[in-house]
Amino acid sequence: MELMVLLNALVTRLLFVLHSLIGVWRVTAVKKERKYWLLALLNLLLCLETGLTLKFKQGRGYKWFSPAIFLYLICTVPSLWLLEIHHGTQYCGNEPGAVQVNVSNQDFNQSRDSSHGSEGMDHHIIQTAKVFVNQLSTICETVWTLALHQTFLLLLVVGRWLLPIGVEITRDQLSQLLLMFVGTAADILEFASETLDIEDVRKNYTLINAILAVWTWSMLQFPLDLAVQHIGCKPSGSARRIPSLLLCRYSAELWNIGVSLFIQDGPFFIVRSILMGHFRIFNQMLVFFTAKNILVVTLQLYRLAVIMLDFHATILQKSRKGEVCCCPCEPYEAHTHATSHHDNEMKEFVAFPPKEESQAPSEDH
């Protein structure tokens, strides 16, 4: 196993575990109940996945799916749910979003002075760490929750970048996937923060749960790599059906359209439309992002129509030429098979000429 692959696999999963534990710590501090530390046991699944990946895959990733990212979602999403439901019991002062951290030099100086003549540098480090943790606890709850949301999405992108890639995905495909994830993460963060910060939404626990459910559903696209990989197809009888040929040729494009319509922009548009239409909640940003979702859904449907028309035109063109296959991987194989068959026939013709031509000279004699 390569040292760099092993290092990337372990460091990335360690970051996932640390961030998940910070989320559990915040839930325990907010709820003031130690039983929520049981959420940390979910990280055992990530540790188990690490061992299995190192043993069977030598630390590299899987095809089309990242178990480490999926288990990171399982470890972190419950903590964010609890924090969002418990939102609003600790406010941030006069200015919204202001971080009230009073890490004064006096506290550190006191801890440093107390360390002199006692236990030396070790005691100083411990006291400084205690002061720092106590000051972190004074950060208002809403800022902590927003920071966990932001770092969660950043770690999803950075972690997918650091995780060793498998043999099925190239670095070019990985770069495309990461760029898509950056835009996706920004949209998801905007959806969660913009809708959950509305005062009328905070008063309705049903709306909070519905928004969090849609947010969780949208996060499920991160473990998947289908957006940049084409599904391989082989020239067989079952693969010549129209749906199979369509999926074979446009698998990545169809997956992108499906994600936008059914996992991200479509559900986001439905939630925002319900907020404005049924609950009569209006603000400038809500209207803007609703219009943005409408535009994206319309463009995706337009893209789907273009793909279907192009595929239909390709089918007609191939049928006129007498060709059955329209999949990108099949014409080359079919052409290669036809060429090799033609070469074999030419070899047989040279080695064994036709009987009529070989017997013609004997008749003249």
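Throughout this description, residue numbers start from 1 for each chain and increase along the sequence as written. Only residues with pLDDT of at least 70 get local features here, since the model is predicted, and only at 80 or more are side-chain atom pairs given and counted; chain-wide, interface and lining totals rely on the full set of residues. Hydrogens and waters are ignored; side-chain quantities use all the structure's heavy atoms.

### Considerations on the UniProt feature "transmembrane region" (unreviewed entry) in the protein
- In this numbering, the UniProt entry assigns the feature "transmembrane region" (unreviewed entry) to residues 6-24, 36-52 and 64-83.
- Going along the chain from the N terminus, every DSSP run of H or I of four or more residues is numbered as a helix, and every run of E of two or more is numbered as a strand. Helix makes up 100% of residues 6-24 and strand 0%, whereas the separation of the span's terminal C-alpha atoms amounts to 27 Å. UniProt positions are given in the numbering used here, feature names are shortened, and annotations may be inferred rather than shown by experiment.

### Looking at the layout of surface pockets
- Taken as a whole, the second largest pocket encloses approximately 270 Å³ of empty space.
- The pocket and cavity definitions rest on a 1 Å grid over protein atoms only: a 1.4 Å probe that fits but cannot leave marks a cavity, an open set with protein on both sides within 12 Å along at least five of seven lines marks a pocket, and residues lining either have an atom within 4 Å of a point. Lining the second largest pocket we find 16 residues, and of these Met180, Thr184, Asn256, Val259 and Gln264 sit closest to its centre.
- Elements with a minimum of two residues in the lining of the second largest pocket: helix H7 (171-196), helix H11 (251-262) and helix H13 (284-320).
- Among the elements that make up the lining of the second largest pocket, the one with the highest residue count is H7 (five residues).
- Segmentation into domains, and thus their bounds, comes from an automatic or database assignment. Each of domain 1 (1-89 + 138-226) and domain 2 (229-323) contributes no fewer than three residues to the lining of the second largest pocket. Grid points are joined across faces, edges and corners, and a volume is the space filled by probe spheres set on the points.

### Considerations on the nonpolar core
- In this structure, Phe152, Leu156, Val201, Trp215, Met219 and Phe222 are the most contacted members of the largest nonpolar core, which totals 55 residues.
- Sorting the residues of this core by element identifies helix H1 (3-31), helix H3 (67-85), helix H6 (141-162), H7, helix H9 (205-219) and helix H12 (265-277) as the ones contributing at least two each.
- With nine residues, H7 is the largest single contributor of residues to this core.
- Mapped onto the domain boundaries, this core takes at least three residues apiece from domain 1 (1-89 + 138-226) and domain 2 (229-323).
- Contacts are residue-level and defined by heavy atoms, with any inter-residue pair within 4.5 Å sufficient. Look past the residues within four positions of Phe152 in its chain and what remains in contact with it is His19, Tyr72, Leu73, Thr76, Val77, Leu80, Trp215 and Met219.
- In this structure, Leu245, Ile257, Leu261 and Phe311 belong to the second largest nonpolar core, which totals eight residues. Note on terminology: a nonpolar core comprises buried Ala, Val, Leu, Ile, Met, Phe, Trp, Tyr and Cys residues joined through side-chain atoms within 4.5 Å. Think of it in three bands: with a 1.4 Å probe and only protein chains considered, a residue is buried below 20% of the maximum accessible area for its type, exposed above 50%, and partly exposed in between.

### Structural notes on the side chain of Thr28
- Here Thr28 is to be found in helix H1.
- With relative accessibility at 9%, the residue Thr28 sits in the buried group.
- Of note is the side chain of Thr28, whose polar atom sits 2.9 Å from the backbone oxygen of Val24.
- If we ignore the near neighbours within four places in the chain, the residues touching Thr28 are Glu33, Arg34, Tyr36 and Trp37. Side-chain atoms alone can form a polar contact between residues adjacent in sequence; in general such a contact is a pair of N or O atoms within 3.5 Å, and within protein one must be able to donate a hydrogen while the other accepts it.

### Remarks on the pattern of salt bridges
- Only one rule defines a salt bridge in this text: a Lys or Arg side-chain nitrogen within 4 Å of an Asp or Glu carboxyl oxygen. Under the counting rule described, the total for this entry stands at nine salt bridges.
- We note a salt bridge from Glu33 to Lys35, for which the minimum N-O separation is 3.3 Å.
- Here Glu33 falls in the partly exposed class, since its relative accessible area comes to 34%.
- For the salt bridge of Arg272 with Glu194, the shortest nitrogen-to-oxygen distance reads 3.3 Å. Taken together, the positions of Arg272 in helix H12 and Glu194 in helix H7 put the pair 78 residues apart, joining distant regions of the chain. Like Arg272, the residue Glu194 is buried in the burial classification.
- Linked by salt bridges that have partners in common, Asp187, Asp265 and Lys292 make up one network.

### Thoughts on the environment of Leu42
- Its place among the elements puts Leu42 in the loop between H1 and helix H2 (43-56).
- Using a relative accessible area of 24% as the deciding quantity, one classes Leu42 as partly exposed.
- Along the sequence, Leu42 and Val17 sit 25 residues apart, while their C-alpha atoms lie 9.5 Å from each other.
- Leu42 has contacts with Ile74, Cys75 and Pro78, leaving out every residue within four places of it along the chain.

### Notes on a nonpolar patch on the surface
- Residues form patches when they are more than 30% accessible in relative terms and have no salt bridge. Like charges link within 9 Å. Nonpolar side chains (Val, Leu, Ile, Met, Phe, Trp, Tyr) link within 5 Å. Residue-level accessible areas treat just the shown protein chains as cover; the underlying method is Shrake-Rupley with a 1.4 Å probe. On the surface, Met4, Leu7, Val11, Leu14, Leu15, Leu18, Leu21, Val158 and Leu162 cluster together into a nonpolar patch covering about 720 Å² of accessible area.
- Elements that contribute at least two residues to the nonpolar patch include exactly H1 and H6.
- With seven residues, the single largest contributor to the nonpolar patch is H1.
- As for its position among the elements, Val158 is in helix H6.

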